[in-house]
Amino acid sequence: MADQQSPPKDQTTSERIAAHLRDAILSGEIPPGSRIRQEEVAERLGTSRLPVREALRMLETEGLTQLEANKSARVPALDRDELDIVYEMRERIETLALRLSLPYLTSHQESELYRIQDEIEANDDVGTFLDLDRRFHLGTYAGCPSGELLTTVTRLWNSTQHFRRAFMLIGGAERRWFVNAEHRLLLDAITRRDSVDCERYLAGHIRRTRIQLAQHPEIFQR
């Protein structure tokens with residue numbers, strides 16, 4: 001696993017375990033369809049099963065695990081039809097989150113979006129891109145006043161992480177060029193506080209990925 005930053009001192013054991021497993025799932029170290037056994041995690045991390053079970057419950061609320069009856073959990077694995085539905089949900093829900101966020105974004109938050117995009121364009125590592133791309137898009141929703149809506153957005157992002165990684169590996173430099181161009185259009189609309197253009201650019205950005213993913217059935221083979 002990639003090097004981890006030291007966890008905050010006020011984190012509980014369950015939160016530290018959840019952070020460890022969350023990173024492993026989002027990084028692809030624990031891929032979709034994998035089973036996570038409580039006893040194995042507890043032994044590896046030198047803890048009891050109780051905080052592991054609580055950590056898995058936390059991750060289930062984030063859409064990263066599905067608890068099973070035999071004291072284990074599984075990382076959800078979407079098929080092609082399920083992924084198509086999730087992307088259609090994202091297209092509708094995230095445009096709403098962006099529209100609600102737009103009036104409340106601060107100049108500091110806007111500047112941070114530009115800084116993240118500069119970093120995206122200077123990078124050619126897929127793992128780093130996925131982290132920055134996630135920070136970029138969730139950052140555009142930072143002003144959204146609905147916590148419930150933001151929780152749903154995060155769950156949908158979590159459930160599609162594996163497919164974004166696979167697609168960026170297939171798409172290579174050409175795909176990164178399109179992503180960067182679409183991000184710049186979105187940033188321009190955010191700066192102008194143009195909600196119509198914001199929704200139009202974001203919907204197209206998400207829709208294009210959904211359509212192109214459907215052209216790569218090999219991504220769905222496990």
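Since the structure is predicted, the reported quantities are computational estimates derived from the model, not experimental observations.

In this structure, what is going on with the pattern of salt bridges? I would like to understand it.
A side chain of one charge can pair with a side chain of the opposite charge if their charged atoms are brought near each other. All chains considered together, the criterion is met by 21 salt bridges. In this structure, R90 engages E94 in a salt bridge whose closest nitrogen and oxygen atoms are separated by 2.5 Å. Highlighted residues: R90 and E94, both in helix α4 (residues 80-101), separated by 4 residues, approximately one helical turn. The two residues R90 and E94 agree in class, both being buried. Taking the shortest distance from any N to any O, the salt bridge between D197 and R200 comes out at 2.6 Å. In this pair, D197 and R200 are both assigned in helix α8 (residues 195-213), 3 residues apart and thus about one turn of the helix distant. Taking the relative accessible area as the measure of exposure, D197 reaches 12% and is therefore buried. Members of the salt-bridge network, linked through shared partners, are D188, R192, D194, D197 and R200.

In this structure, what is going on with the confidence of the model for the protein chain? I would like to understand it.
In regions of low pLDDT, the predicted coordinates are not meant to be interpreted in detail. A residue-level look at the protein chain finds 95% of positions with pLDDT of 70 or above and a mean pLDDT of 90. Low pLDDT, under 50, characterises residues 1-7; the predicted model gives this stretch 6 contacts beyond four residues in sequence or across chains.

Sorry if this is basic, but what is going on with the environment of A55 here?
Relative to the assigned elements, A55 resides in helix α3 (residues 49-61). Along the sequence, A55 and Q38 sit 17 residues apart, while their C-alpha atoms lie 9.8 Å from each other. Those residues in contact with A55 that lie beyond four places of it in its chain are S14, I17 and A18.

Help me understand the sheet that holds strand β3 (residues 72-74), please; the structure alone is not making it clear to me.
The strands making up a sheet associate through backbone hydrogen bonding, with each pair oriented either parallel or antiparallel. As summarised here, the arrangement of the 3 strands in space is β1-β3-β2, forming an open sheet in which the pairing is antiparallel. Every interior strand has two partners, whereas the edge strands, β1 (35-37) and β2 (66-67), have only one. Relative to β3, β1 is paired through 3 bridges, and the arrangement is antiparallel. Paired with I36 across the strands is A73, a residue of β3.

I tried to follow α8 on my own but got confused; where do I start?
In an α-helix there are 3.6 residues to a turn, and that puts residues three or four apart on one side. In this model α8 runs 27 Å from its N-terminal to its C-terminal C-alpha over 19 residues, within 8% of the 27 Å that 1.5 Å per residue would give. Looking only at α8, the buried set comprises D197, C198, L202, A203, G204, H205, I206, T209, R210 and L213. For α8, the elements touching its buried residues are α4, α6 (126-140) and α7 (147-191). Measuring from the backbone nitrogen of V196 back to the side-chain oxygen at the start of α8 gives 3.1 Å, which picks out D194 as the cap.

Honestly, the domain arrangement of the protein chain in this entry has me stumped. Any pointers?
It is common to give the size of an interface as the accessible area that goes away when the parts come together. One can read the domain layout of the protein chain as domain 1 (13-75) and domain 2 (80-220). Distance from the C-alpha centre of domain 1 to the C-alpha centre of domain 2: 26 Å. Taken together, the contact pairs 9 residues of domain 1 with 6 residues of domain 2. With both sides pooled, the region where domain 1 packs onto domain 2 buries about 630 Å², and carbon together with sulfur makes up 49% of that total. Contact with domain 2 buries surface across domain 1, with L26, P32 and E62 losing the most and accounting together for 58% of the total. Our count for the domain 1 to domain 2 interface comes out at 0 salt bridges. On the surface where domain 1 and domain 2 come into contact, there are 6 residue pairs in polar contact (both at pLDDT 80 or more). Listing elements by their share of the side of domain 1 that touches domain 2, those giving two or more residues are α1 (13-27) and α3. Looking at the side of domain 1 that touches domain 2 residue by residue, the class counts come to 3 nonpolar, 4 polar and 2 charged.

Thresholds applied
- Residues numbered from 1 in each chain as written.
- Predicted model: local features only at pLDDT ≥ 70, side-chain atom pairs only at ≥ 80, totals over all residues.
- Heavy atoms only, no water.
- Salt bridge = Lys/Arg side-chain N within 4 Å of Asp/Glu carboxyl O.
- Helix = DSSP H or I, 4+ residues; strand = E, 2+ residues; numbered from the N terminus.
- Buried < 20%, exposed > 50% of the residue type's maximum accessible area, 1.4 Å probe, protein only.
- pLDDT = per-residue confidence, 0-100.
- Contact = heavy atoms within 4.5 Å.
- Pairing = 2+ DSSP bridges.
- Expected span 1.5 Å × (residues − 1).
- Polar contact = N/O pair within 3.5 Å; in protein donor to acceptor, adjacent residues only side chain to side chain.
- Domains from an automatic or database assignment.
- Buried area = accessible area lost by both parts, 1.4 Å probe.
- Nonpolar A, V, L, I, M, F, W, Y, C, P; charged D, E, K, R; others polar.

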